[in-house]
Amino acid sequence: MIMLNQTDVTPASFILNGIPGLEDMHVWISLPFCSMYAVAVVGNCGLLYLIRYEDALHRPMYYFLAMLFLTGLFISSSTIPKALGIFWFHFKEISFDGCLIQMFFVHTLTGMESGVLMLMALDRYVAICYPLRYSTILTNPVIAKAGLSTFLRGVLLIIPFTFPTKRLPYCRGNVIPHTYCDHMSVAKLSCGNIKVNVIYGLMVALLIGGFDNLCITVSYTMILRAVVSLSSADARQKAFSTCTAHVCSIVFSYSPAFFSFFSHRFGGHRISPSCHIIVANIYLLLPPTMNPVVYGVKTKQIRDCVIRILSGSKFIKSHSI
């Protein structure tokens, strides 16, 4: 009898309903989504290739950038193709396990993206405050360990609410009003007690987002103090310019995240569900779309490499210091 009940309340699949209330506009909504995704794939893959094969970019800052580009590419690829399938071909069905896998990767990768932004803030802090020790502090093993730790942090924090979500009884249907499997969107279909999911989800958001934002704030406070103390205006301008692209990435990543987080908890019914879903997609799609553009424009070394390639020159493979 217990096995029968478990079978009755565990759906074989979920139905992702896209953006409720805007079904007639799905094709039009898909156009900016598709365009942004194309820019994200081409831009991130292009800069990853550039960092891989250009010796001038084999430095700590660009290794962190490679992590950011790779994470953004995986985040957008884990959600946008399915959303486009919903918009264009009405491919709304996703298996139960497939939904949980997508949920796991979305939350793990967004946590890793936040962690990489934090590591990049620490990188800028070391570069500006300890320039003579930069290469000895941020060695390749240190960078590898920092990246691995950030990934493992996301995995270990997300796993605990993935398995409880799998064991919940789903007797409120199997239609998810979303374009991808979000943790709370899935949990709300359960008729069981989801208090643990709600509390733990909030704790994870605070542990990852809160800790990373604290580190970023402290890093930039120290950077600001160091830059302001410089006597030369040109030196101050150069120091600030090295942080411009990173600050833009922080704005692109955290602005939609904060809007979604606070509107869900304090916005009540004043913000429509369709707005929540659009912002949730922008949260995943905007950073990987804009990061390659911002760093391609704002970072001189990357810009010079791109111009040299477009002009027909080959990569410089110099192994001398």
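What counts as what
- Residues numbered from 1 in each chain as written.
- Predicted model: local features only at pLDDT ≥ 70, side-chain atom pairs only at ≥ 80, totals over all residues.
- Heavy atoms only, no water.
- UniProt positions renumbered as here; feature names shortened; annotations may be inferred.
- Helix = DSSP H or I, 4+ residues; strand = E, 2+ residues; numbered from the N terminus.
- Salt bridge = Lys/Arg side-chain N within 4 Å of Asp/Glu carboxyl O.
- Buried < 20%, exposed > 50% of the residue type's maximum accessible area, 1.4 Å probe, protein only.
- Phe/Tyr/Trp six-rings, centres within 6.5 Å; stacked < 30°, edge-to-face > 60°.
- 1 Å grid on protein atoms, 1.4 Å probe; cavity = no way out; pocket = protein on both sides within 12 Å on 5 of 7 lines; lining within 4 Å.
- Points joined across faces, edges and corners; volume = space filled by probe spheres on them.
- Nonpolar A, V, L, I, M, F, W, Y, C, P; charged D, E, K, R; others polar.
- Disulfide = S-S within 2.5 Å.
- Pairing = 2+ DSSP bridges.
- Expected span 1.5 Å × (residues − 1).
- Bend = angle between axes of the 7 residues up to and from the residue.
- Polar contact = N/O pair within 3.5 Å; in protein donor to acceptor, adjacent residues only side chain to side chain.
- Contact = heavy atoms within 4.5 Å.
- Axes fitted to C-alpha atoms, helices over the stretch in contact; angles between N-to-C directions.
- Parallel < 35°, antiparallel > 145°, perpendicular 65-115°, else oblique.
- Left-handed = near helix turned anticlockwise from the far one by under 90°.

(A) Highlighting the UniProt feature "transmembrane region" (unreviewed entry) in the protein. Per the UniProt entry, the sites bearing "transmembrane region" (unreviewed entry) are residues 27-50, 62-80, 100-122, 142-163 and 198-228 in this numbering. Taken end to end, residues 62-80 is 100% helix and 0% strand, and its two terminal C-alpha atoms sit 26 Å from one another.

(B) Spatial organisation of the pattern of salt bridges. With the rule as written, the count across this model stands at 5 salt bridges. Here Glu54 makes a salt bridge to Arg308, at a shortest N to O gap of 3.1 Å. In this pair, Glu54 is assigned in the loop between helix 2 (26-53) and helix 3 (60-89) and Arg308 in helix 11 (residues 300-310), connecting sequence segments 254 residues apart. The buried category is assigned to Glu54, whose relative accessible area is 2%.

(C) Spatial organisation of the packing of aromatic side chains. Going through the model one piece at a time under the given rule, you end up with 11 aromatic pairs. For the ring pair Phe33 and Phe87, a centre distance of 5.8 Å and an interplane angle of 75° mean the geometry is edge-to-face. Of this pair, Phe33 sits in helix 2 while Phe87 sits in helix 3, and the two are 54 residues apart along the sequence. As far as burial versus exposure is concerned, Phe33 and Phe87 are alike and both buried. Arranged with centres 6.2 Å apart and planes meeting at 85°, the rings of Trp88 and Phe89 form a pair that is edge-to-face. Looking at Trp88, the relative accessible area reads 36%, which means it is partly exposed. An aromatic cluster is built from Phe14, Phe96 and Tyr170, whose rings are joined through pairwise contacts.

(D) Spatial organisation of the layout of surface pockets. The calculated volume of the second largest pocket comes to roughly 520 Å³. Taken together, 23 residues make up the lining of the second largest pocket; nearest its centre are Arg124, Lys238, Ala239, Ser241 and Thr242. Looking at the lining of the second largest pocket, the elements with two or more residues in it are helix 3, helix 4 (96-129), helix 9 (233-266) and helix 11. The element contributing the most residues to the lining of the second largest pocket is helix 9, with 8 residues. A breakdown of the residues in the lining of the second largest pocket according to their chemical character gives 12 nonpolar, 5 polar and 6 charged.

(E) Highlighting the state of the cysteines. In the structure shown here, the tally under the stated rule is 2 disulfides. There is a disulfide in this structure between Cys99 and Cys181, and the S-S distance comes to 2.0 Å. As the torsion about the S-S bond is roughly -120°, the Cys99-Cys181 disulfide counts as left-handed. You can see Cys99 sitting in helix 4 and its partner Cys181 sitting in the loop between strand 3 (175-176) and helix 7 (183-187), a full 82 residues away along the chain. Bridging Cys171 to Cys191, the disulfide has an S-S length of 1.8 Å. Of this pair, Cys171 sits in the loop between helix 6 (140-167) and strand 3 while Cys191 sits in the loop between helix 7 and helix 8 (195-228); the two residues are 20 residues apart in sequence, bridging distant segments of the chain.

(F) Region of interest: the pairing of strand 1 (residues 13-16). For strand 1 and strand 2 (residues 93-95), the ladder comprises 3 bridges, and the chain directions are antiparallel. By the bridge assignment, Phe14 is partnered in strand 2 with Ile94. Here strand 1 runs beside strand 3; their pairing, made up of 2 bridges, is parallel. Across the sheet, residue Leu16 finds its bridge partner in strand 3, namely Ile176.

(G) Local environment of helix 3. Compared with an ideal rise of 1.5 Å per residue, which puts 30 residues at 44 Å, helix 3 spans 43 Å between its outermost C-alpha atoms and is within 8% of the ideal. A maximum bend of about 30° is found in helix 3 at Ser77, where proline Pro81 lies one to four positions downstream. With respect to burial, helix 3 is a largely interior element, 22 of its 30 residues being buried. Positive phi shows up at His90, right after helix 3, with a value of about 60°.

(H) Expanded view of the side chain of Asn44. By secondary structure assignment, the location of Asn44 is in helix 2. Within polar-contact distance, the side chain of Asn44 engages the backbone oxygen of Ala40 at 2.6 Å. When near neighbours in sequence (up to four residues on either side) are disregarded, Asn44 contacts Val39, Phe69, Leu73, Pro288 and Pro292.

(I) Representation of the side chain of Thr110 in the model. Within the secondary structure, Thr110 sits in helix 4. Among the polar contacts listed, one links the side chain of Thr110 to the backbone oxygen of Val106, at a separation of 2.9 Å. When residues no more than four places from it in sequence are discounted, the contact partners of Thr110 are Ile75, Tyr283 and Leu284.

(J) Just the packing of helix 4 against helix 8, in detail. For the pair helix 4 and helix 8, interaxial distance at closest approach is 9 Å and the crossing angle is 20°. The angle between helix 4 and helix 8 falls in the class roughly parallel. Between helix 4 and helix 8 lies a crossing of left-handed hand. In this structure, helix 4 uses Gly111, Ser114, Gly115, Leu117, Met118, Ala121, Leu122, Arg124, Tyr125, Ile128 and Cys129 to contact helix 8, whose residues at the interface are Ile208, Gly209, Phe211, Asp212, Cys215, Ile216, Ser219, Tyr220, Met222, Ile223, Ala226 and Val227. Per-class residue counts for the contact of helix 4 with helix 8 are 16 nonpolar, 5 polar and 2 charged.

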